[in-house]
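Given next are the chains, with one letter for each unit.
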2 protein chains.
Amino acid sequence: MNYKLRLMYDGTHYAGWQRQQNAVTIQGQLEEALLVITREAPAVTGISRTDAGVHAADFTANFHLTAPCDTARLCRGVNALLPRDIRVISCEPCAEEFSARFDAVRKTYLYRMDISPYGNVFFRQYAWHLPYPLNLEKMQQAAAHFLGCHDFSAFMAQGSSAKTFTREITESRLVQNGEILEYYITGNGFLYNMVRIITGTLVAVGKGKLAPEAVPEIILSRDRTRAGMTAPAKGLTLFKAIYNDAEPCDVY
Amino acid sequence: MNYKLRLMYDGTHYAGWQRQQNAVTIQGQLEEALLVITREAPAVTGISRTDAGVHAADFTANFHLTAPCDTARLCRGVNALLPRDIRVISCEPCAEEFSARFDAVRKTYLYRMDISPYGNVFFRQYAWHLPYPLNLEKMQQAAAHFLGCHDFSAFMAQGSSAKTFTREITESRLVQNGEILEYYITGNGFLYNMVRIITGTLVAVGKGKLAPEAVPEIILSRDRTRAGMTAPAKGLTLFKAIYNDAEPCDVY
C-alpha cells in the first residue's frame, strides 16, 4: 500500500530534508517515527530535497507499507513522536504508482524579505533582512522577466545532477505585506538553488546594481556569474504543490 | 532629556519584561545595552510588565538621559548589542513628563489560538494549540459581552497590586485567519492576567462548557473561580498602544 503524507516543518534546526549519517534531517526524523508506529522501515520519498534552514508549509511525501494501516492513528502517533517543528498535516492511501517527487506538476515557493530597518523579531528565522532602500517597482519588473519557458542554467548552483535546464515559470510576483516582502514563484520544476539565486538577482535589481532589463540577457547568457548572489536559506519556504496524475512532470 | 522607545520582542526565551536578579528579562537586556551606548545607566519605564513568554509587536518605553544623544546612532548601537529577538523600532525625544506607563490611553492585545488538528509549526511559540472542535460563533458572542465598562475582578489573577478593578473595553473580537484564530482586545487598562483569563473563558464557551450568556453573570459575580482557565502566555502579544497626552490614563 502506498501512502501520501502532507507535512509542515520549520527547517531552522535541521540539515535539510534528506537523511544523512551524522546530521539531523526532516526525512531522518520522519522515518524514525514511522518505524516506531508502523513497525516497518519505509523509505519516504519527498517532493524535493530542501536545503538546511529551508522551511515547508505544505510538503508532500509518500511511502509504501506491506501491512494496511489506520491513517488517522498513524497521523496521531507520528505527530506524538516528532519534534514540534515537524508536523504531519494529513496521511491518506494513494495510487500504488504515485510518487511525491515525480508526479508534482507545479510547485510554489515563497521567499520572504524583511525590509524593516531594525529586523522584525518574528521573522528572524523566516526572512532575509535587507535594511537598506530597495526599488520595489524595479524588482517587480525584473520578477516578470522570469515568467515563461527558459533555460535557467545562469540560476543554478554547482553540484546539481540535473540533465535538462529548461523550466517553465507560471508565477513570479512580489507582494508587500507591511515590512515583509513576499516573493511567490511557481514552476514545473526548479534547478538547484534556483529560487534563492533568482531572489538574490531581484535584490541586486532593487539595490540598483542591475537593471530589470538585464534579466533576459542574464537568462540567455547561461552564465551563473552574471546573476545575483544566492539568497540565504532561511527566507525560503516550499509553499505548496499541485499534483495531477494525468499530467506527469517530465522535467526531472 | 526624556526619550521614547518603541520595541518589538519575541518573549519565548525571557522571564518577562521586568528586570530580575537571577533571570534574563527584556528590561534587563535593554538597560544593559543602554548603559554601554549612552554611558549612563537609565532606568527604563515600560508600558506594561509582560509575563514570561509573552511577546510584543509594539511596546513603548521611556528613559531619561542627562546628556543629549543622537537617537539614530542610539538605535543602531542598541540593536547591535541586543539579541536578535529584541529590537528597537524607533527612538525619539519626548516631553520631559511623558511616561510610557501612565500616559497610555489604550492598549491592544492579540491572543492567537491555533485550531489546526496538528499544530502549525510556525505558530508553536505564538499560539495556544486547541486541537478540538470549537464553536466560533458562540465564542464571538461571548467576546462581545466584554465590551464596555465593567469591574473585571473575576478576570484577575492573585498577586496583583491593583486598587481599582473597573476597566473599559472598546474592542473584543475574534478574527479567523485560516487555522489561526486571532482575538483582539483593546482597553484603557488590564488587570493582572486579564487577557489570558478572558481568552480561557472564550475557549470554555467554544468547548460548550459555558454559554455566551454566562459571561455577564461571571463579570457581575466578581468571582475568579467562575471564569475560565488562564490561557498560556505564549499565545499573547502586546499588539499596539495609543498615547494621547491630552487624555491621561487614570485607571492605574
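Scroll up for the structure.
A few points on the structure. (Residues numbered from 1 in each chain as written. Chains lettered and ligands numbered in written order. Predicted model: local features only at pLDDT ≥ 70, side-chain atom pairs only at ≥ 80, totals over all residues. Heavy atoms only, no water.)

Here we come to the packing of helix H3 (residues 136-144) of chain B against helix H4 (residues 194-206) of chain B. Residue and element names in this part refer to chain B. It is the contact of H3 with H4, at a shortest axis distance of 8 Å, that shows an interaxial angle of 140°. Between H3 and H4, the interaxial angle falls into the category oblique. Judged by the sense of rotation from one axis to the other, the crossing of H3 with H4 is right-handed. Contacts from Lys 138, Met 139, Ala 142 and Ala 143 of H3 reach H4 at Leu 202, Val 203, Val 205 and Gly 206. (Axes fitted to C-alpha atoms, helices over the stretch in contact; angles between N-to-C directions. Helix = DSSP H or I, 4+ residues; strand = E, 2+ residues; numbered from the N terminus. Parallel < 35°, antiparallel > 145°, perpendicular 65-115°, else oblique. Left-handed = near helix turned anticlockwise from the far one by under 90°. Contact = heavy atoms within 4.5 Å.)

Right, let's talk about the side chain of Asn 79 of chain B for a bit. By the element assignment, Asn 79 of chain B lies in helix H2 (residues 71-81). What makes Asn 79 of chain B buried here is its relative accessible area of 10%. Other than its neighbours up to four places away in sequence, Asn 79 of chain B contacts Tyr 118 of chain A together with Ile 86, Arg 87 and Val 88 of chain B. (Buried < 20%, exposed > 50% of the residue type's maximum accessible area, 1.4 Å probe, protein only.)

What follows is about the relation of the copies chain A and chain B. Two copies of a chain can be linked by a rotation about an axis combined with a shift along that same axis. After a rotation of 180° and a shift along the axis of 0.0 Å, chain A superposes on chain B with an RMSD of 0.0 Å. Taken together, the turn and the small shift mark the pair as related by a two-fold rotation axis. Closest approach to the rotation axis among the C-alpha atoms of chain A is made by Phe 122 of chain A, whose C-alpha sits 4.9 Å away. When the interface residues of chain A are mapped onto chain B, 95% of them are again interface residues, pointing to one common binding face. (Least-squares fit on C-alpha atoms with pLDDT ≥ 70 in both.)

Residue and element names in this part refer to chain B. Its identity as a non-glycine residue notwithstanding, Arg 39 has a phi of 60°, on the positive side. Within the secondary structure, Arg 39 is located in the loop between helix H1 (26-38) and strand S2 (45-46). Look at Arg 222: it is not a glycine, yet its phi comes out positive at around 55°. Inspection of the secondary structure puts Arg 222 in the loop between helix H5 (214-221) and strand S10 (236-243). On the accessibility criterion, Arg 222 (47% relative accessible area) is partly exposed.

Residues and elements named next belong to chain B. For Glu 179, the position within the fold is in the loop between strand S8 (166-177) and strand S9 (180-187). Glu 179 gets classed as partly exposed once you look at its relative accessible area, which sits at 33%. For the pair formed by Glu 179 and Pro 93, sequence separation is 86 residues and the distance between their alpha carbons is 41 Å. Apart from residues lying up to four places away in sequence, Glu 179 is in contact with Met 113, Asp 114, Ile 115, Ser 116, Pro 117 and Tyr 118.

Right, let's talk about helix H1 (residues 26-38) of chain A for a bit. Residues and elements named next belong to chain A. Compared with the 18 Å implied by 1.5 Å per residue over 13 residues, the 18 Å span of H1 between its first and last C-alpha is a close match. Regarding H1, the residues found buried are Ile 26, Gln 27, Gly 28, Leu 30, Glu 31, Ala 33, Leu 34 and Thr 38. In this structure, the buried residues of H1 make contact with strand S1 (2-9), strand S3 (55-64), helix H2 (71-81) and strand S4 (86-94). For H1, the N-terminal cap is Thr 25; the gap from its side-chain oxygen to the backbone nitrogen of Gly 28 is 3.0 Å. Phi turns positive, to about 60°, at Arg 39, one or two residues after H1. (Expected span 1.5 Å × (residues − 1). Polar contact = N/O pair within 3.5 Å; in protein donor to acceptor, adjacent residues only side chain to side chain.)

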